Amino acid sequence: MKTIRSVTAWEILDSRGRPTVTVQVTLGSGAVGLASVPSGASTGSFEAVELRDGDAQRYNGQGVLTAVNNVRTEIAEALMGKDATDQEDIDHTLIALDGTANRSRLGANAVLGASLAVARAAARHRGMPLYRYIANAGGRERPGGNRCILPVPQLNVLNGGRHADNPLDVQEFMLVPHGFDSFPRALQAGTETFHALRKLLLERGLSTGVGDEGGFAPALTASTEALDLLMAAIEKAGYAPGREIALALDVAATEFYQDGHYHLSEAGKPLTAQELGALYDQWLERYPIVSIEDAFAEEDWDAWSAYTQQQGDRVQLVGDDLFVTNPQRLRRGIRQGVADAILIKLNQIGTLTETLRTIQLAQSSGYAAVISHRSGETDDTFISDLAVATGAGQIKAGAPSRGERVAKYNRLLAIGHELEDKAVFAGSNAVRQAVHVS
Ligand code: PGA
Ligand code: ZN
């Protein structure tokens with residue numbers, strides 16, 4: 001029986017030791033699905049709302065017992081007896097029950113937990129791996145045909161911005177190991193480079209403590225110092241910068257945008273969008289950067305479209321806080337020629353169905369989709385299956401360090417092992433598409 005028999009939830013801790021929601025759904029057949037919800041730190045203002053209790057007596061107000069209770073009562077009641085394999089119906093029910101545009105009544109953490117736990121239970125019921133179930137639920141032809149695509153990882157090995165206590169303005173400096181013939185080989189190269197980077201930091205007397213996403217967080221001040229270190233680490237590990245391992249940035253520029261200017265401490269003075277773009281141009285000249293995420297602020301559409309016109313053919317421009325996985329914002333971007341890729345975070349929008357729709361809209365409009373974790377994570381690996389199911393070709397899940405990050409990469413290794421020769425690595429194709437080289 002594929003009907004939902006029970007829905008329950010409880011509070012757990014995320015990787016920052018902050019409370020988050022776990023939902024468990026059980027079907028009539030006995031199939032059980034569990035899902036845990038991640039949480040961001042540099043959140044976009046247009047994201048779906050994460051419900052926090054605000055009770056200063058517990059976890060400094062960060063508790064999620066209200067969201068948990070919403071799952072146990074209203075959501076459980078609404079989903080009980082429903083067909084778990086009809087994901088669209090489940091998600092539409094959740095959206096209607098919440099009744100707000102941004103999931104602020106029940107909480108996106110409550111709604112997403114339920115949505116994903118139902119999908120997992122349904123996959124179990126069908127006896128299918130989750131990635132295959134999601135591919136079917138999306139009603140899509142997989143871009144790779146019968147073969148599944150394993151994504152190129154963006155490994156965030158140097159953390160700055162909101163994710164670390166160092167002075168770096170740019171939030172994420174990432175390795176993109178693409179010039180390899182398999183996912184395991186690419187992950188190996190990225191991880192060896194991560195270890196080489198650790199040695200370089202030690203040699204220079206810099207800290208090797210890690211930030212929220214598992215990357216090192218040394219007290220560097222200039223972005224170019226960080227980029228130089230990555231180049232040196234790639235070479236030290238015996239790889240070719242650019243051809244085998246490229247670089248990517250998440251600038252998270254909304255975080256330092258104020259009064260129409262970009263306040264990078266390394267620049268010494270507030271920059272206009274044009275000046276910031278000129279700084280990126282210099283970096284693009286010097287380093288093999290293939291992707292820049294949130295290069296401009298979430299509301300600075302003019303800067304985004306000007307820079308897309310200028311450099312969109314040369315580098316992938318990813319909208320995270322800009323698009324917040326939201327089809328309306330993505331549609332505006334497509335109309336205005338803004339960016340050419342979208343970061344996908346399930347909890348920015350709140351249900352699996354909406355997420356799949358946004359990915360489909362992106363892919364059918366020539367935008368790449370990069371599936372992403374959050375800086376606050378759990379051991380849940382839903383995003384790994386989502387990346388394979390949608391053939392996205394790119395995933396961002398942090399450094400190969402910290403259990404909650406490694407869990408995502410390990411899940412991809414498991415999927416690859418299971419699929420054997422039915423899986424292909426997105427590899428350099430994904431990067432060539434990102435930088436528009438045929
Ligand atoms: P967040 O950061 O999860 O803290 O929002 C990740 C990102 O900006 O990509
Ligand atoms: Zn981002």
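Let me begin by describing the structure that accompanies this report.

1. Notes on the sheet that holds strand S6 (residues 172–177)
Next, step 1: Reading around the barrel, the eight strands line up as S5-S6-S7-S10-S11-S12-S13-S14 and close back on themselves, with mixed pairing between neighbours. Looking at each pair of strands side by side, their axes are set apart by 30° on average, direction ignored.
Next, step 2: Pairing between strand S10 (residues 289–293) and strand S11 (residues 316–319): three bridges, direction parallel. Each residue of the ladder has a partner; that of Ile292, found in S11, is Leu317.
Next, step 3: Of the strands in this sheet, strand S5 (152–159), S6 and strand S7 (245–250) touch helix H5 (residues 183–203), which is tilted by about 10° from S5.

2. Topic: the pairing of S7
Next, step 1: Among the six residues in S7, six count as buried, and that is most of the element.
Next, step 2: Covered by surrounding structure in S7 are Ile245, Leu247 and Leu249 together with Ala246, Ala248 and Asp250, the residues of both alternating faces.
Next, step 3: In this structure, S6 lies alongside S7, joined through six bridges in antiparallel fashion. In the sheet register, Val176 faces S7, and the bridge partner there is Ala246.
Next, step 4: Both S7 and S10 contribute to a ladder of four bridges, which runs parallel. The partner of Leu249 across the bridge, within S10, is Ile292.

3. Notes on the site of ligand 1
Next, step 1: In the neighbourhood of ligand 1, 16 residues make up the surrounding shell, with Ala41, His163, Arg374, Ser375 and Lys396 lying closest.
Next, step 2: Between ligand 1 and the protein, one listed contact pairs an oxygen atom with a side-chain N or O atom of Ser375 at 2.5 Å.
Next, step 3: Contacts to ligand 1 include Lys396, whose side-chain N or O atom sits 2.7 Å from an oxygen atom.
Next, step 4: With the chains in place, 100% of the 280 Å² that ligand 1 exposes on its own is no longer accessible.
Next, step 5: For the shell around ligand 1, a count of residues per class yields two nonpolar, six polar and eight charged.

Procedures and definitions
Residues numbered from 1 in each chain as written. Chains lettered and ligands numbered in written order. Predicted model: local features only at pLDDT ≥ 70, side-chain atom pairs only at ≥ 80, totals over all residues. Heavy atoms only, no water. Pairing = 2+ DSSP bridges. Helix = DSSP H or I, 4+ residues; strand = E, 2+ residues; numbered from the N terminus. Axes fitted to C-alpha atoms, helices over the stretch in contact; angles between N-to-C directions. Contact = heavy atoms within 4.5 Å. Buried < 20%, exposed > 50% of the residue type's maximum accessible area, 1.4 Å probe, protein only. Near = heavy atom within 4 Å. Polar contact = N/O pair within 3.5 Å; in protein donor to acceptor, adjacent residues only side chain to side chain. Areas by Shrake-Rupley, 256 points an atom, 1.4 Å probe, with all protein chains shown as cover. Nonpolar A, V, L, I, M, F, W, Y, C, P; charged D, E, K, R; others polar.

Such coordinate-based values are descriptive only and should not be taken to indicate function.
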